[in-house]
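Each chain, letter by letter, is given below.
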Amino acid sequence: MSGTGLALELHMCRSIARLSGLSILFLLVWAGTARAASLTLAWDPSQGATGYTVYWGTQSGVYPNSLNVGAQTSKQITGLIDGNPYYFVVKAYNAANLESAPSIEVSRRVGIPIFTLADFDGDLASDISVFRPSNGMWYERLSSSGGSAFYQWGLTGDVPVPGDYDGDGRNDVAVWRPSTGIWYIRNSSDGSNAFLQWGLTGDIPVPGDYDGDGKADAAVFRPSTGIWYVRDLVTNTARFYQWGLAGDIPVPGDYDGDGRTDVAVFRPSTGIWYVLYSNTGASAFFTWGLAGDLVAQADYDGDGKTDVAVFRPSTATWYIRKSSTGASTFYQWGLGSDVPVPGDYDKDGKADVAVFRPSTGIWYVQLSSSGAPAFYQWGLTGDIPVLKR
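The structure displayed is predicted, hence computed values, not measured ones. (Residues numbered from 1 in each chain as written. Predicted model: local features only at pLDDT ≥ 70, side-chain atom pairs only at ≥ 80, totals over all residues. Heavy atoms only, no water.)

Looking at this structure, how should I read the sheet that holds strand 20 (residues 238-242)?
Within a sheet, neighbouring strands are paired by backbone hydrogen bonds and run either parallel or antiparallel to one another. Strands sit in the order 17-18-19-20 across an open sheet of four strands; the sheet is antiparallel. In this open sheet, the two edge strands, each paired with only one partner strand, are strand 17 (204-205) and strand 20. By the bridge criterion, two bridges tie strand 17 to strand 18 (residues 218-222) in an arrangement that is antiparallel. Paired with I204 across the two strands is F221, which belongs to strand 18. (Pairing = 2+ DSSP bridges. Helix = DSSP H or I, 4+ residues; strand = E, 2+ residues; numbered from the N terminus.)

So this is what it looks like as structure tokens:
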């Protein structure tokens, strides 16, 4: 028997996210103040199967819990704990009780809002958006309505650092000012402003949800020392990680699927990625890329984990290593002068291969849901796409 496939669809309050796999698995989560959560899994039927068993646990690859659900292709899982990451696979079995290989593993932190990069309207799709340094304006094309939004926020020389700093399920407009190390954040929940001095000239801003509370943390990577400085804006506590060397490129992402941003760097001189998993404290190393490649890490296979990926300007080729299977995928998409801007533009839970062309202001997106191309005129020469890694 071949393995059954999984995908996840996560409904939390008003929002929906899909984490796609080989076929369809739906995940329903009720979030709130309760300490326990429930979710519903659903998957495509497997040919020749007489039943299915769901396996899960709080560490990747370790599934101490299981439930035989019989012939049904959906099941509610109860007694999960809010704030914990969970990893799921499903196996099919036949009349002789022989099990298939497991589906791909999918993961999600229960009870924590879903984060989609550059989702300013809260519909779980990435919004095409640019920051214009010449006038400090943000220009957003909202995917939910096709309308636009404009904000005056920032100065020439500022670095756009969008993130969900207030935990309302929408990205906040934010910039980091290298000359002073100050973060300027405009909270989308109530329009209030937040300011924080965190970092020095020469640092690289690397915002992310490092503690898994559903809110972005201010963070910088200091190339001169290889130290990461992370500041929790809720508790005002700080954490430090020694991870990387001068010349490394920071590539934060959720590589282990536990709902927390992992500290990681790409070393152009060797093409090696060094990842520190937040779930276990273990480290991982991937040789993926060459000097001159542009990093493009994102969740391309929809399993809830960041995939190692690069865009090679010399050939305009994308090289993606899928975390779900370890398989490699290659796409020729864009020109050598384009800026890679992967994001979930079609709201299918998988990052789409996409580029922004500075010379024309056109975005070229290959939609993962259909394989069809999409084109958007949004931006001018000199604009910074906020989805730039």
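Explain the environment of F150 to me, please; I cannot follow it from the model alone.
Here F150 is to be found in strand 12 (residues 148-152). Residue classification places F150 among the partly exposed residues on the basis of a relative accessible area of 46%. Remark: the alpha-carbon pair of F150 and A125, spanning 25 residues in sequence, is separated by 18 Å. Setting aside anything within four residues of it in sequence, one finds F150 in contact with M137, W138 and Y139. (Buried < 20%, exposed > 50% of the residue type's maximum accessible area, 1.4 Å probe, protein only. Contact = heavy atoms within 4.5 Å.)

Teacher, can you tell me more about empty space enclosed by the protein here?
Empty space among the atoms becomes apparent when a probe as large as a water molecule is rolled across them. Enumeration over the complete set of coordinates arrives at one cavity of 30 Å³ or more. The space that makes up the largest cavity amounts to roughly 30 Å³. As for the largest cavity, its lining consists of I114, F115, T116, D119, D164, G169, R170 and N171. Residue composition of the lining of the largest cavity, by class: two nonpolar, three polar and three charged. (1 Å grid on protein atoms, 1.4 Å probe; cavity = no way out; pocket = protein on both sides within 12 Å on 5 of 7 lines; lining within 4 Å. Points joined across faces, edges and corners; volume = space filled by probe spheres on them. Nonpolar A, V, L, I, M, F, W, Y, C, P; charged D, E, K, R; others polar.)

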